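Chain by chain, the residues run as shown.
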Amino acid sequence: MMLGFLGLFPACRAQDNGVRVLTPQEFAEAVRNDSTAVVLDVRKPSEFAEGHLPHAVNIDWLDSSRFEEAIRNLDKKHTYYIYCRSGRRSNAAAEMMKKAGFSVYDMKGGYLAYSRIFGE
């Protein structure tokens, strides 16, 4: 099933760390079509307050102890779609979560790219 799902997104790539990276369009479509999707915004709360993707949950990557505590309480039965401002923090967070056994996707270009495309 998962291989078929990945086939829907031919442009998605895996970073060297094995994390799948989706374009903003692929990310939005995947979230929409995944009944287990949880969208994680790993920016600072102040950035999150300025605007975020619909239904996103904010867990600040830069607050490492709180981030680690928060992901310990997440359900591994869900798929996590992660983004930040431009992609650097979200890729690091996705890599950590992948190593911890989570199913994760990162969004290429982060909220900046998403906003340019979708006008959020």
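Notes on the structure in this doc start here. Computed from a predicted structure; not experimentally measured.

When helices and strands are counted, the protein chain shows six helices and six strands. Looking at the protein chain as a whole, 42% of its 120 residues are labelled buried. A separation threshold of at least 6 residues defines the contact pool for the protein chain, and within that pool the share at least 24 residues apart is 62%. As presented, the protein chain carries roughly 6700 Å² of accessible surface, and 51% of it is formed by carbon and sulfur atoms.

Most of strand E3 (residues 37-41) is tucked away, with four of its five residues classed as buried. Taken together, the two bridges between E3 and strand E4 (residues 57-58) define a ladder with parallel strand orientation. Following the sheet pairing, Asp41 is matched in E4 by Asn58.

Let us now look at the packing of aromatic side chains. Scanning the model with the defined rule gives seven aromatic pairs in all. Centre to centre, the rings of Phe27 and Tyr81 are 5.7 Å apart; their planes meet at 90°, and the pair counts as edge-to-face. Remark: Tyr81 occurs in strand E5 (residues 79-83) and Phe27 occurs in helix H2 (residues 24-33); sequence separation between them is 54 residues. Here Tyr81 falls in the buried class, since its relative accessible area comes to 0%. Linked through ring pairs, Phe27, Tyr81, Tyr83, Tyr105 and Tyr111 together constitute an aromatic cluster. Seen from the ring of Tyr111, Arg43 lies directly overhead, with NZ or CZ sitting 4.5 Å from the centre. Directly above the ring of Phe102 sits Lys76, whose terminal nitrogen or CZ lies 5.3 Å from the centroid.

Cut-offs and rules
Residues numbered from 1 in each chain as written. Predicted model: local features only at pLDDT ≥ 70, side-chain atom pairs only at ≥ 80, totals over all residues. Heavy atoms only, no water. Helix = DSSP H or I, 4+ residues; strand = E, 2+ residues; numbered from the N terminus. Buried < 20%, exposed > 50% of the residue type's maximum accessible area, 1.4 Å probe, protein only. Contact = heavy atoms within 4.5 Å. Areas by Shrake-Rupley, 256 points an atom, 1.4 Å probe, with all protein chains shown as cover. Pairing = 2+ DSSP bridges. Phe/Tyr/Trp six-rings, centres within 6.5 Å; stacked < 30°, edge-to-face > 60°. Lys NZ or Arg CZ within 6 Å of the ring centre and 35° of its normal.

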